[in-house]
Amino acid sequence: MMKVFKKTESTYNPEDGSWSNGSEGWETVSKCRDEGNGGGSKIVTEDSEVYVYGAVVYLPKSCPKVATGEKIQVIDKDGSVRLEGNTKLFKKEQMHARLWL
């Protein structure tokens, strides 16, 4: 299971002058599977930087887009964190989506 760390800012209500608190926490996004990069493979990010990634996460095509730089966790069936990091690249392809950390 893949989770994304979401954070919202406090908002101001001008009608009554009150503030509503922001929130932060892990949001479950999709089922997934991950593979570590044991061979030192590289990707080219959207900023044209060459990056040796630590792992690639495979997701169903229906997975929502995950922005570059977002913090994610991959959780195994036992509830343990298998992988945690910030996204370097996200691509939706013909049959699935991939995310690199």
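See above for the structure.
The model shown is predicted, which means the values in this text are computed figures rather than measured ones. (Residues numbered from 1 in each chain as written. Predicted model: local features only at pLDDT ≥ 70, side-chain atom pairs only at ≥ 80, totals over all residues. Heavy atoms only, no water.)

Asks: Sorry if this is basic, but what is going on with the nonpolar core here?
Replies: Considering soluble globular proteins, one finds that nonpolar side chains tend to be buried as a cluster. M2, V57, L59, V66, I72 and L99 are the most contacted members of the largest nonpolar core, which totals 14 residues. It is strand β8 (residues 55–60) that contributes the most residues to this core, 3 residues altogether. The residues contacting V57, other than those within four sequence positions of it, are M2, C32, R33, D34, V74, L83, A97, R98 and L99. Counting 5 residues, the second largest nonpolar core, distinct from the first, contains I43, Y53, V56 and L89. (Core = buried A, V, L, I, M, F, W, Y, C linked by side-chain atoms within 4.5 Å. Buried < 20%, exposed > 50% of the residue type's maximum accessible area, 1.4 Å probe, protein only. Helix = DSSP H or I, 4+ residues; strand = E, 2+ residues; numbered from the N terminus. Contact = heavy atoms within 4.5 Å.)

Asks: Can you walk me through the sheet that holds strand β1 (residues 2–8) in this structure?
Replies: Remark on secondary structure: sheet strands pair via backbone hydrogen bonds, oriented parallel or antiparallel. If you trace the 4 strands from one edge of the open sheet to the other, you get β4-β1-β9-β10, paired in antiparallel fashion. Edge positions in the open sheet fall to β4 (23–30) and β10 (81–86), since each of these has one partner strand only. With strand direction ignored, the average angle separating the axes of adjacent strands in the sheet is 25°. Bridging between β1 and strand β9 (residues 71–75) involves 3 bridges; their strand directions are antiparallel. In the strand pairing of β9, K3 is matched with Q73. (Pairing = 2+ DSSP bridges. Axes fitted to C-alpha atoms, helices over the stretch in contact; angles between N-to-C directions.)

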